[in-house]
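Listed here are the chains, written in short residue letters.
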Amino acid sequence: MNAIAALLTLLSGLALAVGGGWLLSLGGSIYYVSAGIVLLITAFLLFKRRPFALVLYAAFLIGTAVWAFFESGYDWWPLAARLGFFLILGLILLLPGVARPLRSRLESDRRMAANEATNSKAVLAVITVVIAIGTLGSIANPTHEIDGQLPDAVVSAEPDMGNNAHTGDNDWHAYGRTGYGQRYSPLDQITPDNVSKLKLAWSYQTGDVKLEGDTNEFTYQATPIKIGNTLYLCTPHNWAIALDADTGEKKWEYKADVVADGQRQHQTCRGLSYWAGDGAATGAAASTAGETATATADNGQADATSPTPAPAVPVTTADSGAACSTRLFLPTATAKLIALDPQTGEVCKDFADNGELDLTHNMPFKQHGYYYSTSPPVVADGKIVVAGAVNDNYDINSPSGVIRAYDARTGKLLWNWDSGNPDDTAPFDPNNPDQKYTVSSPNSWSVGSVDEKLGLVYFPMGNRTPDQLGQYRNEHEEKYASSVVALDLNNGQAKWVHQFIHHDLWDMDSPAQPSLMDINTAEGVVPSMVVPTKQGDIFVLDRRTGEAVLPVREVKAPQGTIEGEHSAPTQPESALNFKPDPLTEGKMWGGTPFDQLWCRIQFKSLRYEGQYTPPSLQGTIVYPGNFGAFNWGGIAVDPKRQVMFGMPLQLAFVSQLVPKEELGKDVQMNVGEQGVNSNEGASYAVNMHPFLSPLGVPCQQPPWGFVAGVDLRTGQTAWQHKNGTIADLSPLPLPITMGVPGIGGPMITGSGVVFMGAAVDDYLRAYDLTTGKVLWNARLPAGGQATPMTYLNSKNEQMVVLVAGGHGSVGTKLGDYVMAYKLAQ
């Protein structure tokens, strides 16, 4: 046993001495090379069977504990990574099989030798136990937490929730419940006091599973909609399914003709869109909408005049009327838009071409798998407004990011807004091959919002591919990339744009649906929107003009990039943000000292000068990474209390530009957003991936995921807590709260209960909106990377529904479940 302990100590010392010397040569910490030398001496003494080896190791533990505490504070996860392995090694050195040979080798004075060995063992035992207890005690230290309470007073008793004549409080008619994208329901049967009584009411399995040949990012991200007493949802391969809202029994199923295609970067469907029939609009969208507001300007500068709203008119419901008098719209991974009858699931043959609209019309390039819609279109004023996703970084000559409005009845193209040619919105002729949209122009892959009273539809904008090379963009693309844009619902003209990143080189698309709500300010009630971003800013804007409600300033950004490229000297920063502190070498992490050392070496080898460090040939750390502080799940807002619930993340990525001549023939490319993407036609490929240790854990220390509550009237964060456990991240299912990554969105109810899955442990949780504390959780059969919804069933029972199908990119368990919960009787 002594030889094994000595060999383990020797190998550990060699690894730390060599790696530590490398780190020191890069200007890093001297600790690791010093620790390696001490362990090598300890190993030598162990081989010589000298009791002083234990005393020296005890001194090493003390020094390591002092270093760890001063570098990371009294914080469990950083301390555990620095001390855990060495404490275990200390316990090994205390085993009888190690200590006994130390005593037996000293023959000159056996009694003195025995005492020396016993005393050395005792010293090491005491030091090991004391440090272990002290380290374990840090678990109870509430680091990274903000304790507080959101105001619970009702600010607006009857807020504007975006309800139309066809939208009742009992239903969920759109992805974010209404076109406002609030993800708020006024239902209040489930309260903080009784939420613990929630039980599974029913579950349903769709049968749509990952196929051979599918892209890695096969994900269930769907939020069902509910009209009448029917739930409607879509699956990754674009099946549309209708379920009884009481029982979960299938009413009908429609399967689009979608097969596996490895060229798609995403295989998902976030939801269906519902059209309530002719005359369903309540407001805006009238002919005057395009006649009163004519100016378009940067960063919220717009003509202050507003369109004149049209009066509300009665509409039909999904469960009544003739066939296809109301409609569901299903976007597909094959770039089709399909109109379905909500009552039967039959295709509405009078829409477009026998019920199918080919969205590749007038595209400059039509590579299969490069263009598709993953998000539900916006439906308003008898129009269906469709955007789409364009593959990142595969080819500089890719389909356009054009946004188009079609007649919801006929499928006729009414207008098209192309960010690369924004002034010409007159509809192209889909049958004219000479009319082409702009190559690779910035797209909107996420969910849009609409204010029909203002006659404006709002889209979060992405970037032109390639993301990391800006020299291919024209002046219009520079203006509209990584922004939110307000388009006239009547004619598609841009009324204002507010940009969140200048000359984006980091794939910081605006990822989330803008949440529209009215906010009480010192100047009065302001029709606002709340827009979370990947970089951690949350912009609160006047949705009439795009002007900032909460202050926005310009901050200096790092400079210097490849020849022929430039980076913006400043970047916008909102007063409300969840930007993490800059990374340092001391914040590197790992499961052991060895992969932590590797992460430190990488940190010192890569380029990092803070947020917005430009891409580079050596590789640049992007923090927060393009996974985002916020992503498509967005936030939820309570329009009565005027507060917000969000899930900010902190994960670093690495982005490296690779000259094409340096790419080996065996390099695998274009297998998703992560990894090496070829940027065909450009001089550089890009290699982008999470900043992970060799053990596959993030290189920066946890926590990585939080939940937070914000008072939107003041912009102040009232509370912030670590979110999610290591239950599905470790060999043992330990429910230890770590603050783990997640992707998905929250939903707020009228009683102040928030529901969210999202985290990479497989739970649906209920939170107290006022304090952020977890009130209830339920184990899910697969990853819950979707956004929940709620409704009243026909028995007047409040239901909470979440789709649990997992997420290929984040590695959660895949499945095909729809889970519905209600209070136990």
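Up top is the structure.
Cut-offs used in this document
Residues numbered from 1 in each chain as written. Predicted model: local features only at pLDDT ≥ 70, side-chain atom pairs only at ≥ 80, totals over all residues. Heavy atoms only, no water. Helix = DSSP H or I, 4+ residues; strand = E, 2+ residues; numbered from the N terminus. Rg over C-alpha atoms; globule rule 2.2 N^0.38 Å. Areas by Shrake-Rupley, 256 points an atom, 1.4 Å probe, with all protein chains shown as cover. Core = buried A, V, L, I, M, F, W, Y, C linked by side-chain atoms within 4.5 Å. Buried < 20%, exposed > 50% of the residue type's maximum accessible area, 1.4 Å probe, protein only. Contact = heavy atoms within 4.5 Å. Polar contact = N/O pair within 3.5 Å; in protein donor to acceptor, adjacent residues only side chain to side chain. Patch = residues over 30% accessible without salt bridge, like charges linked within 9 Å, V, L, I, M, F, W, Y side chains within 5 Å. Salt bridge = Lys/Arg side-chain N within 4 Å of Asp/Glu carboxyl O. Lys, Arg positive; Asp, Glu negative; His and termini not counted. Charge placed at Lys NZ, Arg CZ, Asp CG, Glu CD. Pairing = 2+ DSSP bridges. Axes fitted to C-alpha atoms, helices over the stretch in contact; angles between N-to-C directions. Phe/Tyr/Trp six-rings, centres within 6.5 Å; stacked < 30°, edge-to-face > 60°. Expected span 1.5 Å × (residues − 1).

The helix and strand inventory of the protein stands at nine helices and 40 strands. Taken over C-alpha atoms, the radius of gyration comes to 29 Å for the protein, in line with the 28 Å a tight globule of 825 residues would show. Once the C-alpha set of the protein is aligned to its principal axes, its extents read approximately 105 × 65 × 55 Å. With an accessible surface of roughly 28,700 Å², the protein has 54% of that area assigned to carbon and sulfur atoms.

What follows covers the nonpolar core. Note that soluble globular proteins tend to have their nonpolar side chains buried in a common cluster. Phe645, Met738, Ile748, Met756 and Leu769 are the most contacted members of the largest nonpolar core, which totals 39 residues. Looking at this core element by element, the count peaks at four residues for helix 4 (residues 76–93). Apart from the residues lying within four places of it in its own chain, the contact partners of Phe645 are Ile635, Ala636, Val707, Ala708, Trp719, Pro746, Ile748, Val754, Met756, Tyr767 and Leu769. Membership of the second largest hydrophobic core comes to 35 residues, among which are Val195, Trp202, Trp776 and Val803.

On to the side chain of Gln182. Turning to its location among the elements, Gln182 is positioned in the loop between helix 6 (110–137) and strand 1 (184–185). On the accessibility criterion, Gln182 (1% relative accessible area) is buried. Of note is the side chain of Gln182, whose polar atom sits 2.7 Å from the backbone oxygen of Leu516. Not counting chain neighbours up to four residues away, the residues in contact with Gln182 comprise Asp160, Met161, Gly176, Ser515, Leu516, Met517, Ile635, Ala636, Val637 and Pro639.

Turning our eyes to something else, we now look at a negative patch on the surface. Among the surface-exposed residues, Asp257, Asp353, Glu356 and Asp358 lie close enough to one another that they form a single negatively charged patch. Considering the arrangement of structural elements, one finds Glu356 in strand 10 (residues 356–358). In this structure Glu356 comes out as partly exposed when scored by relative accessible area, which is 32%.

Moving on, we get to the side chain of Gln785. When you line up the elements, Gln785 lands in the loop between strand 37 (774–779) and strand 38 (789–792). A distance of 3.0 Å separates a polar side-chain atom of Gln785 from the backbone oxygen of Ala758. A polar contact of 2.6 Å, which involves the side chain of Gln785, links it to the side chain of Thr812. Not counting residues up to four positions away in its chain, the partners in contact with Gln785 are Tyr220, Gln221, Trp632, Ile743, Ala758, Ala759, Val760, Gly806, His807, Val810 and Thr812.

Reading across from one edge, 17-18-19-20 is the order of the four strands in this open sheet, with antiparallel pairing throughout. Sheet topology places strand 17 (449–451) and strand 20 (494–499) at the edges, where each strand pairs with a single neighbour. Direction aside, neighbouring strands of the sheet carry axes that sit 15° apart on average.

Quick look at the sheet that holds strand 28 (residues 643–646) now. Read from one edge of the open sheet, four strands run 27-28-32-33, paired in antiparallel fashion. Here the strands that pair on one side only, and so sit at the sheet edges, are strand 27 (636–638) and strand 33 (716–722). Put simply, the sheet's adjacent strands are angled 15° from each other on average, direction ignored. Across three bridges, strand 27 lies against strand 28 in antiparallel orientation. Bridge pairing in strand 28 places Val637 opposite Met644.

Tallied over the full model, the rule gives 27 salt bridges. Residues Asp350 and Arg327 are paired through a salt bridge, measuring 2.6 Å at the closest nitrogen-oxygen approach. Pair noted here: Asp350 is in the loop between strand 9 (336–340) and strand 10 and Arg327 is in strand 8 (residues 327–331), with a separation of 23 residues, a long-range link. Its relative accessible area of 44% is what places Asp350 among the partly exposed residues. The salt bridge partner of Arg464 is Glu477, with a shortest N-O separation of 3.1 Å. Taken together, the positions of Arg464 in the loop between strand 18 (456–460) and helix 8 (475–480) and Glu477 in helix 8 put the pair 13 residues apart, joining distant regions of the chain. Here Arg464 matches Glu477 in class, with each residue buried.

Quick look at the packing of aromatic side chains now. Summed over the entire model, instances satisfying the criterion amount to 26 aromatic pairs. Ring centres 5.7 Å apart and planes at 75° place the aromatic pair Phe85 and Phe86 in the edge-to-face group. Residue Phe85 is classed as partly exposed on the basis of its relative accessible area, which comes to 23%. Relative accessible area serves as the criterion here: at 1%, Phe86 is assigned to the buried category. Here the aromatic rings of Phe500 and Phe539 are separated by 4.4 Å at their centres, their planes lie at 20°, and the arrangement is stacked.

On to the environment of Lys495, then. With respect to the helices, strands and loops of the structure, Lys495 is situated in strand 20. Remark: the alpha-carbon pair of Lys495 and Val485, spanning 10 residues in sequence, is separated by 7.7 Å.

For helix 3 (residues 52–72), spanning 21 residues, the distance from its first C-alpha to its last is 30 Å, which sits close to the expected 30 Å at 1.5 Å a residue. Of the residues making up helix 3, those classed as buried are Ala53, Leu54, Leu56, Tyr57, Ala58, Phe60, Leu61, Thr64, Ala65, Trp67, Ala68 and Ser72. Gly73, located one to two residues past helix 3, shows a positive phi value of around 75°.

This part is about the pairing of strand 19 (residues 483–488). With six of its six residues buried, strand 19 lies for the most part within the structure. Neither face of strand 19 is open: one carries Ser483, Val485 and Leu487, the other Val484, Ala486 and Asp488, and all of them are buried. The pairing of strand 18 with strand 19 spans five bridges and is classified as antiparallel. What sits directly across from Phe459, in strand 19, is Val485. In the sheet, strand 19 pairs with strand 20 via five bridges, with the strands oriented antiparallel. Note that in strand 20 the partner of Leu487 across the bridge is Ala494. Hairpin remark: strand 19 followed by strand 20, antiparallel, with five residues in the connecting loop; positive phi at Gly492, about 80°.

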